[in-house]
Amino acid sequence: MRISIDSYILHLLEIRWHMKVFKFGGASVKDAEGVKNLANILKEYQNDSPLVVISAMGKTTNALEDVARSFYLKQEDAFGQVEKVKEFHFNILRDLFHESHPVFDAVNNLFVEIEWALEDEPRPEYPYEYDQVVSIGELVSTTIVSFYLKEIGVENNWLDARDVIKTDNQYQQANIDWDLTTQLINKHVQKDKLTITQGFIGCTSENFTTTLGREGSDYSAAIFASVLAAKKLVIWKDVAGVLHADPRYFDNAKKLDSLSFQEAIELAFYGASVIHPKTIQPLKKNNIPLEVRSFLNPDEKGTWIAENEITKPETAFYILKKNQTLLSISVSELDFIVENHLSAIFAIIGNYNAKVNIVQNSAVSCSIAIDIDDLLLDALITELSQDFIVKYNKGLELLTVRHYENDDLSICIADKEVLLSQKNRSTIQVLFR
């Protein structure tokens, strides 16, 4: 008996040592070839029994956001938009499975959930309706991947993240109930078997679906990694690793070999698209390293992010955020804007799930650059205007440069109208149009 107990303990230690959490974004499963590529990567790691978090396929989240918006505004094309999203997924299914495969019914039933929701009157709270509709994208993608893996002989457990990721009812920006989530993940995740689950989504105590914020799948993966005490979290991207600038906007973006948690947190806070802002905190707390690698070239070394790493190579970081809104808020023409005014302003902004990116005060006004859903902006301005004078500009761009040199911005903002700028010893931010 002693030998079997020791062997069992050794087995548990072995699982702990090898346990990894993977996260694949929507670009990795944008078509049938992407699903096959993901499956080939997972075959290589079967012995590690990873837990795999997968986002919605391709641009599905954007498409479902349009559905939620049309439904909330009571526009007639909501059902037609759902049909287009459904057909996109069924085209992928036809490339992966024979027509009589049960996956077709499974996926269809998930879209029926959206159609049922659209038959009701929308609630006044748009974030609630958003979460119920947009969350289906992750459920569909993981269902397809799980079925395909089984089809090619890779056994796996499909886990509904809503059964284990428990949150409050702050829709679109839900906060994690860590105690309950920890208990449920440890109860439901089989650490010795490949698990497929969703990012981005959770569930309230009343069983309503929530989301964790746009691009929140990275955060979901960090939650699982932290609770499971994973050896590491690997985020698989369509880029070689963490780059010093977004290649969509800047030429000659350089890959970093390593990065500290502290620098990664700063970059995520300022909007670096490769990492979700909340991802790093639970990893840092539990000393779990993060690796960012390319699913297009899975054998290549990516970027290693850990506690005591040094940024290599040393470089300035360029982060560009689009669709910013600048609020200019004052009490009256001559009144000072003081602490109690600021407290009230930020309380209202927080109620609309807006992310504050710059704050700048003068004696009689406060300028705030925010990210906010267009559907919520009018309501925010209306509420602020009850007690304040509010002016605003939409469609702006925010450039942040970390570890800047004096001439770093000259080319980037040439011929731009600068509305706001801010500078400290390590970072400069410029809001322009």
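Going by the structure above, here's the rest.
Residues numbered from 1 in each chain as written. Predicted model: local features only at pLDDT ≥ 70, side-chain atom pairs only at ≥ 80, totals over all residues. Heavy atoms only, no water.

Participant: Would you take a moment to explain the sheet that holds strand β14 (residues 389–402) for this structure?
Facilitator: With antiparallel pairing, 6 strands are arranged side by side in an open sheet as β12-β13-β11-β14-β16-β15. The open sheet has two free edges, formed respectively by β12 (355–361) and β15 (418–423), since each of these has just one partner strand. Between one strand axis and the next, the sheet turns by 25 degrees as a mean value, whatever way the strands run. Both strand β11 (residues 317–330) and strand β13 (residues 365–371) contribute to a ladder of 6 bridges, which runs antiparallel. Bridging across to β13, L327 finds its partner in I368. (Pairing = 2+ DSSP bridges. Helix = DSSP H or I, 4+ residues; strand = E, 2+ residues; numbered from the N terminus. Axes fitted to C-alpha atoms, helices over the stretch in contact; angles between N-to-C directions.)

Participant: Teacher, can you tell me more about the sheet that holds strand β4 (residues 195–198) here?
Facilitator: Adjacent strands of a sheet form backbone hydrogen bonds with each other and so pair up, either parallel or antiparallel. Reading across from one edge, β3-β4-β2-β1-β7-β9-β10-β8 is the order of the 8 strands in this open sheet, with mixed pairing throughout. Edge strands, defined here as strands with exactly one partner in the open sheet, are β3 (157–159) and β8 (258–260). Along the sheet, successive strands turn relative to each other by an average axial angle of 20 degrees, direction set aside. Relative to β4, strand β2 (residues 51–54) runs parallel, the two being bridged by 4 bridges. When the sheet's bridge partners are listed, I54 is paired in β4 with Q198.

Participant: Hey, could you run me through the packing of aromatic side chains in this one?
Facilitator: Two measures describe an aromatic ring pair: the distance that separates the ring centres and the angle between the ring planes. Here the structure, examined in full by the defined rule, presents 13 aromatic pairs. On the basis of an interplanar angle of 5 degrees and a centroid distance of 5.6 Å, the ring pair of F24 and W236 is categorised as stacked. In this pair, F24 is assigned in strand β1 (residues 20–24) and W236 in strand β7 (residues 232–237), connecting sequence segments 212 residues apart. We classify F24 as buried; its relative accessible area is 0%. For W236, a relative accessible area of 1% translates into the label buried. (Phe/Tyr/Trp six-rings, centres within 6.5 Å; stacked < 30°, edge-to-face > 60°. Buried < 20%, exposed > 50% of the residue type's maximum accessible area, 1.4 Å probe, protein only.)

Participant: Please clarify how the pairing of β15 should be interpreted in this entry.
Facilitator: The two faces of a sheet get side chains in turn, since along a regular strand they alternate between them. Here β15 pairs with strand β16 (residues 427–432) via 5 bridges, running antiparallel. By the bridge assignment, Q422 is partnered in β16 with Q429. If you look at the hairpin formed by β15 and β16, you'll find 3 residues sitting between the two strands.

Participant: Any chance you could explain helix α3 (residues 60–72) here in plain terms?
Facilitator: Count 3.6 residues to each turn of an α-helix, and residues three or four apart come out pointing the same way. Over its 13 residues, α3 extends 18 Å from the first C-alpha to the last, a length consistent with the 18 Å expected when each residue adds 1.5 Å. Taken as a whole, α3 has its buried residues at T60, T61, L64, E65, V67, A68, S70 and F71. Taken together, the buried residues of α3 touch α4 (78–96), α5 (103–118), α6 (126–134) and α7 (136–151). K74, located one to two residues past α3, shows a positive phi value of around 60 degrees. (Expected span 1.5 Å × (residues − 1). Contact = heavy atoms within 4.5 Å.)

Participant: Looking at this structure, I do not really get helix α9 (residues 217–227). What am I missing?
Facilitator: α9 sits mainly inside the fold: 11 of its 11 residues count as buried. Every buried residue belonging to α9 is among S217, D218, Y219, S220, A221, A222, I223, F224, A225, S226 and V227, and all of these are buried. Residue A229 follows α9 closely and has a positive phi angle near 50 degrees.

Participant: In this structure, what is going on with the side chain of S294? I would like to understand it.
Facilitator: For S294, the location among the structural elements is in strand β9 (residues 290–294). A polar contact of 3.1 Å, which involves the side chain of S294, links it to the backbone nitrogen of N297. Ignoring anything within four residues of it in the chain, the contact list for S294 reads W236, K237, V239 and A240. (Polar contact = N/O pair within 3.5 Å; in protein donor to acceptor, adjacent residues only side chain to side chain.)

Participant: What am I meant to see in the environment of M19 here?
Facilitator: With respect to the helices and strands, the residue M19 is situated in the loop between α1 (2–18) and β1. With 31 residues separating them in the primary sequence, M19 and P50 have C-alpha atoms 5.9 Å apart. When near neighbours in sequence (up to four residues on either side) are disregarded, M19 contacts D48, S49, L51, K191, L228, A230, K231 and K232.

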